[in-house]
Amino acid sequence: MKKSSSLWARLCAAPYIVWMIIFIAAPLLMVAYYAFTDAAGNFTLKNIVALDGYAGIFIRSIWYGIITTIISLIIAFPFAYAISQKSTKYQSTMIMLLMVPMWMNFLIRTYSWMNILSDNGIINTALKAIGFAPIEMINTPGAVILGMVYNFMPYMVLPIYSVISKMDRNIIEAAQDLGCNKLKVITRVVLPMSVPGIVSGITMVFVPSVSTFYISQKLGGGKYDLIGDTIERQFQTSYNYNLGASISLVLMILLLVCMAFMNTFTSDDEEGGIVI
Amino acid sequence: MADNIINLENITVTYDGEKVLKGISLYIRDKEFVTLLGPSGCGKTTTLRIIGGFVEPDSGDVFFDGKKINDLPPHKRQVNTVFQRYALFPHLNVYDNIAFGLRVQKMPEDEIKERVLSMLKLVNLEGYQRRKISKLSGGQQQRIAIARALVNRPRVLLLDEPLGALDLQLRKEMQIELKRMQQQLDITFIYVTHDQEEALTMSDTIVVMNNGTIQQIGTPEDIYNEPKNTFVAKFIGASNIINGVMLEDYKVAFADRIYECVDKGFTANEEVDVVIRPEDIKIVAPTEEYLTGFVESVTFKGVHYEMIVDSYDMKWTIHSTKSAEEGSFVGLNITPEDIHIMRKSENIADAIMVDNNVVSIQGKTYECDENSLLYNESVEVQISSKDVLIVEPSDDLICGEIEAINKRSVFIEVVINTGEKKWISHTTNDALTVGQRVGITFDSDDIYIIRTVESELSATTEEEDE
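All values reported here derive from a predicted model rather than from experimental measurement.

Conventions we followed
- Residues numbered from 1 in each chain as written.
- Chains lettered and ligands numbered in written order.
- Predicted model: local features only at pLDDT ≥ 70, side-chain atom pairs only at ≥ 80, totals over all residues.
- Heavy atoms only, no water.
- Buried < 20%, exposed > 50% of the residue type's maximum accessible area, 1.4 Å probe, protein only.
- Helix = DSSP H or I, 4+ residues; strand = E, 2+ residues; numbered from the N terminus.
- Disulfide = S-S within 2.5 Å.
- Pairing = 2+ DSSP bridges.
- Axes fitted to C-alpha atoms, helices over the stretch in contact; angles between N-to-C directions.
- Contact = heavy atoms within 4.5 Å.
- Buried area = accessible area lost by both parts, 1.4 Å probe.
- Salt bridge = Lys/Arg side-chain N within 4 Å of Asp/Glu carboxyl O.
- Polar contact = N/O pair within 3.5 Å; in protein donor to acceptor, adjacent residues only side chain to side chain.
- Core = buried A, V, L, I, M, F, W, Y, C linked by side-chain atoms within 4.5 Å.
- Phe/Tyr/Trp six-rings, centres within 6.5 Å; stacked < 30°, edge-to-face > 60°.
- Lys NZ or Arg CZ within 6 Å of the ring centre and 35° of its normal.

Undergrad: Help me understand helix α1 (residues 44-52) of chain B in this model?
TA: At 3.6 residues per turn, the α-helix brings residues three or four places apart onto the same side. Residues and elements named next belong to chain B. Within α1, seven of the nine residues are buried, which leaves it mostly tucked inside the rest of the structure. When we look at burial in α1, the residues that qualify are Lys-44, Thr-46, Thr-47, Leu-48, Ile-50, Ile-51 and Gly-52. Positioned one or two residues after α1, Gly-53 has a phi angle of 95°, which is positive.

Undergrad: Got a minute to help me understand the state of the cysteines in this structure?
TA: Linking two cysteines covalently via their sulfur atoms produces the bond known as a disulfide. Residues and elements named next belong to chain B. One pass over the full model with this rule turns up zero disulfides over all chains. We note that Cys-42 lacks a disulfide partner, and the nearest cysteine sulfur, in Cys-368, lies 19 Å from it. The thiol of Cys-399 is not disulfide-bonded; the next cysteine sulfur, from Cys-368, is found 20 Å away. We classify Cys-399 as buried; its relative accessible area is 15%.

Undergrad: For this particular structure, what's the right way to read the sheet that holds strand β13 (residues 257-260) of chain B?
TA: Strands belonging to one sheet form pairs held by backbone hydrogen bonds; the direction of such a pair is parallel or antiparallel. Residue and element names in this part refer to chain B. Taken in spatial order, the five strands of this open sheet run β13-β12-β11-β14-β20, and their pairing is antiparallel. Pairing within the sheet leaves two strands with one partner each, and these edge strands are β13 and β20 (340-343). Mean inter-strand twist for the sheet, computed between neighbouring axes without regard to direction, equals 40°. Bridge analysis of strand β11 (residues 240-248) against strand β12 (residues 251-254) gives three bridges, and the strand direction is antiparallel. Bridge assignment links Val-245 to a residue of β12, and that residue is Ala-253.

Undergrad: How do you make sense of the pairing of strand β22 (residues 358-361) of chain B when you look at a structure like this?
TA: Residue and element names in this part refer to chain B. Of the strand pairs in this sheet, strand β21 (residues 346-355) and β22 are connected by four bridges, and their pairing is antiparallel. Within β22, the residue paired with Met-353 across the bridge is Val-359. What sits between the antiparallel neighbours β21 and β22 is a turn of two residues, in which Asn-357 has the positive phi angle 65°. Between β22 and strand β23 (residues 364-367), which pair antiparallel and follow one another directly, the connecting turn spans two residues, one of which, Gln-362, has a positive phi of 50°.

Undergrad: Even after reading the chapter, I still don't get the interface of chain A and chain B, so can you show me in this structure?
TA: Think of interface size as the accessible area that goes away when the parts come together; that is how it is often given. Taken together, the contact pairs 18 residues of chain A with 23 residues of chain B. When chain A packs against chain B, the two sides together hide about 1,900 Å² of surface, and 57% of this comes from carbon and sulfur. The largest per-residue losses of area from chain A upon contact with chain B belong to Asp-177, Leu-178 and Arg-188 of chain A, which jointly make up 35% of the total buried on that side. Linking chain A to chain B there are one salt bridge. We note a salt bridge from Glu-173 of chain A to Arg-49 of chain B, for which the minimum N-O separation is 2.8 Å. Taken together, the connections running from chain A to chain B amount to six residue pairs in polar contact (both at pLDDT 80 or more). When residues of the side of chain A that touches chain B are traced back to their parent elements, those giving at least two are α8 (169-177) and α9 (182-193) of chain A.

Undergrad: Hey, could you run me through the nonpolar core in this one?
TA: Note on soluble globular proteins: their nonpolar side chains tend to be buried together. Val-190 of chain A together with Phe-89 and Phe-100 of chain B are the most contacted members of the largest nonpolar core, which has 53 residues in total. Not counting residues up to four positions away in its chain, the partners in contact with Val-190 of chain A are Phe-77, Tyr-81, Ile-164, Met-167, Ile-172 and Val-185 of chain A. Counting 37 residues, the second-largest nonpolar core is a separate cluster that includes Phe-33, Tyr-86, Leu-102 and Leu-122 of chain B.

Undergrad: Looking at this structure, how should I read the pattern of salt bridges?
TA: Residues and elements named next belong to chain B. Throughout the structure, instances matching the rule amount to 22 salt bridges over all chains. The salt bridge involving Lys-282 is made with Asp-338; its shortest N-O contact spans 4.0 Å. Linking Lys-282 in strand β15 (residues 282-284) with Asp-338 in the loop between β19 (329-333) and β20, this pair joins segments that are 56 residues apart in sequence. In this structure, Glu-401 and Arg-437 form a salt bridge, with 3.4 Å as the shortest nitrogen-oxygen distance. Here Glu-401, found in strand β26 (residues 398-407), pairs with Arg-437, found in strand β29 (residues 437-441); they are 36 residues apart in sequence, far enough to count as distant.

Undergrad: Sorry if this is basic, but what is going on with the packing of aromatic side chains here?
TA: The geometry of an aromatic ring pair is captured by the separation of the ring centres together with the interplanar angle, meaning the angle of the planes. What the rule picks out here adds up to 16 aromatic pairs over all chains. A centroid spacing of 6.0 Å and a plane angle of 55° characterise the contact between Phe-54 of chain B and Phe-83 of chain B, whose relative ring orientation is tilted. Of this pair, Phe-54 of chain B sits in the loop between α1 and β4 (59-64) while Phe-83 of chain B sits in the loop between β6 (79-82) and α2 (94-104), and the two are 29 residues apart along the sequence. Across this residue pair, the class does not change: Phe-54 of chain B and Phe-83 of chain B are buried. Chaining the aromatic ring pairs together yields one cluster made of Tyr-33, Tyr-34, Phe-235 and Tyr-241 of chain A. Above the ring of Tyr-128 of chain B, the side-chain terminus of Arg-131 of chain B is found at 4.5 Å from the ring centroid. For Arg-148 of chain B, the ring lying beneath its charged end belongs to Phe-89 of chain B, and the centroid distance is 4.8 Å.

Keep in mind that these numbers describe shape and distance, not what the molecule does.
Shown next, in the form of structure tokens:
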């Protein structure tokens, strides 16, 4: 009986296992294959060695990723806490408003920011109309980071909100009862209890920020190349699949290390948070 | 009074248009174990939360040590709370949970350590300081919650149904332990429960509440032996409640017999409620001397047998360690000390909910403040005699003839015979005459809807979890 049910279970899992082999394992192996071969298909470490020329881009990507994550956290935590204190109806409206822009295409959203920030964009036109000098916003690191925060911040809000909104009201009252004023309730109870949400939020913002492309091309005017753009260029423009694969591989390993590090902050038996 | 630690004066609280507390006044003596007892939704938890500072009264005042503390936030009050589901901090271990309040006060760590360890000893959990909260059983979490509150040395400890989630055995142990802690620490405990047995076991004083009002305040013995009205009598334990007539001092008639009793001070032929506890009725051989009837059912209840005896259209509940045979003909021996007479200050009538906020009493509809019940649900309404208003007779109202008028010290008691039922009204109108036809009406918020006690008790255990 037991044996047949496990056979059944294996049969049920089969389509997914096939899917994983074709679309996850095989591409990864191909990335690794390209990374360690040259154009003729011979084994080489040349692609890996060539990466030292891209160290600056790696560092810039990680640096922008860190700044984006920190800004997102600073905005998202108070936002998530504030809405969780309101009525259920208000909460669902706010979460809805947060999600609505994400229903639009990522490229369109980024194009919209170009329109807003460019020298002849909405802001500068308005400034000129009331007699102020225009501000140079587009093609700056600030614009790139703004674009990343705008696109990825919801992924920080959602896991933190889901942890805070599930928090037992009695626990907040217990903290007040034991002598905490409003600020101490947040620093001593709400914040530490939100750690699982914060950790998954950090992972969900940091990983796409580091590997993103397109945002820096459009809002940074191509002056602030990030690692995602470099990879794209290797495949789309230079047709150097081997170098592109080696950069991808190293990026992947770096992100895995970061995620493993972040996961040390949450232990298994803590509830809440979205684990990816 | 100097030894009152907490005074509540005429507190009202309204949630979403529903009056949860209807003007309660209560003083609590220092170093007492006080229990607020009542069914779910009676306002007992709200009362506790007012003392804790989590609810602000709409009107009325809260005094602590003679000082008004209406606006004082919870973190500035000298009270601590043990919450219904413990509310321990899951991100901290046992030690840090207990130390929480002291750390907020910025007490030196070595002093904190000393206090936390002595608290762990008090709650019998020495050596547990490094444990995670999630690794503790319900009973252990409960003890930590108590230690976390007591370590701050509050003047008053508030406990909101703290034993609700524990099994019976553990509950009994914790009841004894809580009582021991209260005596050892010599502070005030205010305890909320819907379990009458728990209240009777632990308390110095019990406050019985229903529908946002206080029904009776007294010692456990007072409450049990001399319930003030039928609600208290029913809630505190299944009782036999019979209509009776007080013939003269020490003489009451009920069930077609005349009994001697120990009560006096009623007017001649005043209608009263007679309460007889199930354990006070002795089953004897059926002779002329006693009330007689057939045993309808016998149920073994562990410590005693519960027997239902049918006599004079009344089902008598009797508890005894000896069982009678089902179907047998028995006599019921009731001694004068076991007969408790209650003045009918409350009018209780059967009624039907016909719509939200509309109840039908004796076929006439009245507005009331109850909208959580089913249509056509049979209920009882309880209306204080002072709230029964005498008006001109009309087809829309319950009408009847005045049967008796008794002058009391500050009011006049009027008995109105409506055929189906006699209503008692306390009024100051001295122009009424016996035999006059009158109508009666009530303000909507004076009508208390009572679900039958059985359904209420079974609902209580589920609803209290919220």
